[in-house]
Each structure stands twice: as C-alpha cells, then as structure tokens.
Amino acid sequence: MSDTAWMTASEIAAAVAAKKVSARAVVEAALARIADRNPVLNAFTDITAARALARADEVDAGRGSGPLAGVPFAVKNLFDVEGLPTRAGSAINRERAPAARDAALVRRLEEAGAILVGALNMGEYAYDFTGENRHDGPSRNPHDTTRMSGGSSGGSGSAVAGGLVPLALGSDTNGSIRVPASLCGLFGLKPTFGRLPRTGSFPFVSSLDHLGPLARSVGDLALSYDAMQGPDEEDPMCADRPSVPVLPGLEQGIAGLRIARAGGYFRTNLMPESAAAVEKVAAALGVAREVELPEAARARAAAFLITTTEAAALHLERLRARAGDFDPDVRDRLIAGAMVPAAMVGRAQKFRRWYRDAVLRLFGEVDAILAPATPSSAPLLGQKTFVLDGVELPVRANLGIFTQPISFIGLPVVAVPVAGALPVAVQVITAPWREDVALRIARHLEATGVALAQRPA
Amino acid sequence: MTEAELEAYMDASAAVLGIAIAPEWRDAVRANLALSLRMAATVAAFPLEDEAEPAPVFTP
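Residues numbered from 1 in each chain as written. Chains lettered and ligands numbered in written order. Predicted model: local features only at pLDDT ≥ 70, side-chain atom pairs only at ≥ 80, totals over all residues.

Here we come to the sheet that holds strand β2 (residues 72-76) of chain A. Pairing between the strands of a sheet comes from backbone hydrogen bonds, and it takes one of two forms, parallel or antiparallel. All names here are of chain A. Sheet architecture is open: eleven strands sit in the order β1-β3-β2-β6-β8-β7-β14-β15-β11-β9-β10, paired in mixed fashion. Each having just a single partner strand, β1 (44-47) and β10 (289-291) make up the two edges of the open sheet. The sheet shows a mean angle of 30° between the axes of neighbouring strands, direction not considered. Sheet topology places strand β14 (residues 413-418) next to strand β15 (residues 424-430); six bridges connect them, and they run antiparallel. In the sheet register, V414 faces β15, and the bridge partner there is V428. Along the sheet, helix α2 (residues 23-41) contacts β1, β2 and β3 (115-120); its crossing angle with β3, the most-contacted strand, is approximately 15°. (Pairing = 2+ DSSP bridges. Helix = DSSP H or I, 4+ residues; strand = E, 2+ residues; numbered from the N terminus. Axes fitted to C-alpha atoms, helices over the stretch in contact; angles between N-to-C directions. Contact = placed C-beta atoms within 7 Å.)

Here you go:
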C-alpha cells in the first residue's frame, strides 16, 4: 500500500474488500494527493472531503460495499453533486441553486461502493476541446504542465493521469472524453448513445451528449461501466435496454474478431505521433484491411452544425441577457450558432440518418474500426493554431476532427493510449451496443503492452 | 455571400434574436458565423431523397 497513487480502482477495491487497507485510508491518501498536486494541475474545482470521509467510514463499517468499495472518484463539474451548484465550467451557473441530489451515475457508482471526492474543471458548457477555462484557469496535462489536458473533460483527464484518483467521469458530445484521454494518455470509454443515463447532468447538445469513464486501465473502465449501465426513465434518450455486463468477457482476447482501420479522411491531417500510434496498434492487431467511412468530412460538418445550433438554443436566454458573462471563446460561437438558418440544420439531421445507415453497413463486414483519436499529442496551453498537412488550422476546433464523425452517430468507442514522449490515443470503434468488443480489444492491447496509461515522469 | 452581405445578415439576425453584439466581439462572431455557414453549405450540398428521415425519433 506504499504507492496508492497509481493503483487501479480494481486493485483498491480488492484491497479494501480484503481489509488490507481501510476506505478511510484510501480516501485520506487521495485527498492528500489532491491537496499536494491540484494547485499545479488545477483539475479539481470542488473537493468534497467531509462527504467522502463520512462515506469511507460507512464503507469501513460494512455498509455500502460493492465491486467498487472504497474507490475514490471524481466527476466533471457538469454532473450534479448534492449541495453544489452545477457550474458546467461557467461563471453564470454558479448562481444556480445547489443540486438537491446527485446525478444518476454518481448514485450508481456510490451504490457500488465508490466514493466521490470532488468535481472537476472543464471547458465552459462543454463547448471545448482544449481544457482551457477563462473562469477557473486551465486544467493542466500531468505529462507536461505547460500543455493542454484536452477538453472539454480536461479536469477528468488531468486528475486521473496525475494520479489524484483512479477513476473520473466525463461527458462526450463531439470528443470530450476521447480528446483528454488522448492528450493525457488514458483509457476512455464513450459508450453507445443512450447507453448511460444523463439524468442530473447539465446538457450541451441533447441529441449528441454521452457520459462515460476515464481510467488508467481497461478493467477499471469495464468495472465502472458495468456499475453504471441500465435504463433510467428520467433521461428520455436513455435506451430501454437491459444491462450487458462487459467484465466477464473482458479477457476473451481478439480471436475471431475482424478488425479494420479507417482510411481516407482518417489518414489525413495527422501529426507523426498520431500516425505512428495508429500504425503501432494496427500492426499489433494484425490489421490488414482498410475501410472507408463514407462522407466522414461531411459528417463532421453536420455534427458541428447540430452542436452549434442546439447549444445556441439551450443558451439563448443567457446570450440575450448576459452574453458578457460567458467565456469569450464559447460566447462567440454560440452567438454565431443562433444565426444558422433552421433549414440547414434540418438537412444535417437527415444526413445524420443517411450516414448512420452507411456506416452500419460496414459493421456487417468488420467488428471494429481503428482511427486516430486526435491529430496530435497535447498542444501547449494557449496555443491557437497548429499545422496539419501544411495548412495552419485552429487548435480548438480541430482537435476533434477524428472524434466528431463517430459520436455523430453514437457509436461506442474506447480510446486506447499509446505511450511516448507525450502520449496519444487511438479510437477502437464498434457497432452500437458492442462496448464489449471494443473493451476486449483494448484489454488485449493493454495485456500485450501495446497500450499503456504511462505514469508521468 | 459577400463580406457586406454577411455583415448585414449578422446584424439582422442579432436583431431578430435579441442579442446585442459588443463591438469587440464582432470579428469573432462573424468569423464563427462564416465557418458555420460553410459547414452548413457542405451538408446541404449532399443530395438526399425527399423521403429521407431525420435522425431523432420521438416516442410519444
């Protein structure tokens, strides 16, 4: 127990269950690490120490044991935490009444024995790929604190990669779990759209919002995901499907799976490290086949359009009354989004179904598709542009070019980190509701040493 | 669309929406609007059947 900072959630739960360590000791150690490292990483915006210690004592007293007993975790601050205003990265939301109860996924994790230790920094209203925030300052990348954590679940990436907690929840509308997983070198799961309930989380784009975990091991993704699955009547987008536990089949390996890599769009605009990560993973999986996601660039454009317009509709009243209180980078996009003609958005929703049908046909031939997660490893904080294929492009909008065409049609993805001077991740994409296949492949890559959540130096 | 037309569209839209754009925000809003409209044109250029159903499904 000398080094709890890098223990996985599974290891902690096993140690607590075996009474080798108390939940209180685990939580106290996590709180000490947060006190020590958060002034630099800026991952946490709220620390729920009293609640966490009380909860730890309950676990130690034999109440609330479960598969995650004693595991400290934290959530992006768009999840409701009882007693806190759900700020969602904004200044404006701090005026909201404190949440009356925890978000559904917080409740489900705590029912499994996990212990919430705080809420995490994020890009304002989740409209972000950088992890920067005008009000709270940027969350920082533990591998190089002068670099971006990635967004918008930047605090989630920073907290887990920094060894503050083994598990964090984030949200992913266009890539906001997968981008920080890539830049911070973590495993991240964006489940199928509608798989996990969003009840008690502040929305961004209802027709694209997903929630999911980030962790340092595939086993921890599976463990937490299994604890969070199941229908919830309070989220109308949550699928009325029974849980499909993934942990029992996690070690099945990749025998019999047909795996391809995405070509065309996904082969362009790549920095060498991202291209090398895909090559490494593809080679390790013996992937020879390449498939083309048809019209991927147009899918990204349509996701962009639905995002900017739905988000503008959500925030319209606030834009009218107090636009000056937004983060300027978010405000200027939301105002522009409000001005896009509705007929064009209708086209995007029609195209979305066409593209879905076209991509689902590919899954008749393959079980999984590999694609880069981000065009590069972590840019510097404050960096506005990078050069991709000889063209200077804005960082903020383009970190998500490879994630947007996937979440656009709600496919499940595991972001799998590849170690290096700076880490970068590869997306393992599967058919709807086949999180089990994506996680099996990720676990195989982890077990063979190809994928690794590397510990910051 | 010319720069002047984009400028006029932005101002008219802001009036319709009831959003006041501060002078120092104008350049960024206009740039974002131009980008959004390019994205919209990209999507609209894709031919779809009249009968094509949109993605969201409402269950009463």
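Past the structure itself, the notes keep going.
A separate point is unusual backbone geometry. All names here are of chain A. Here the bond from G151 into S152 is cis, since omega is 10°, no more than 30 degrees from zero. Mapped onto the fold, S152 is located in the loop between β5 (144-148) and α5 (154-161). Phi at Y125 is positive, roughly 50°, even though this residue is not glycine. The exposure class of Y125 is buried, given the 26 C-beta atoms found within 10 Å. (Buried ≥ 20, exposed ≤ 12 C-beta atoms within 10 Å, placed from the backbone.)

A low pLDDT means the predicted coordinates there should not be read in detail. With 100% of its residues at a pLDDT of at least 70, chain A reaches an overall mean of 97. Per-element averaging of pLDDT across chain A places helix α12 (residues 395-398) of chain A at the bottom with 93 and strand β7 (residues 187-190) of chain A at the top with 99. (pLDDT = per-residue confidence, 0-100.)

Let's shift gears to helix α11 (residues 342-362) of chain A. Over its 21 residues, α11(A) extends 31 Å from the first C-alpha to the last, a length consistent with the 30 Å expected when each residue adds 1.5 Å. Turning to α11(A), its buried residues number three or more, namely A:V345, A:R347, A:A348, A:K350, A:F351, A:R352, A:W354, A:Y355 and A:V359. (Expected span 1.5 Å × (residues − 1).)

Every contact between the two is made by 25 residues of chain B and, on the other side, 30 residues of chain A. Within the residue set of the side of chain B that touches chain A, elements represented by two or more residues are α1 (3-17) and α2 (26-44) of chain B. Element by element, the count of residues in the side of chain B that touches chain A is highest for α2(B), at eleven residues. Considered class by class, the residues forming the side of chain B that touches chain A number 19 nonpolar, five polar and one charged. (Nonpolar A, V, L, I, M, F, W, Y, C, P; charged D, E, K, R; others polar.)

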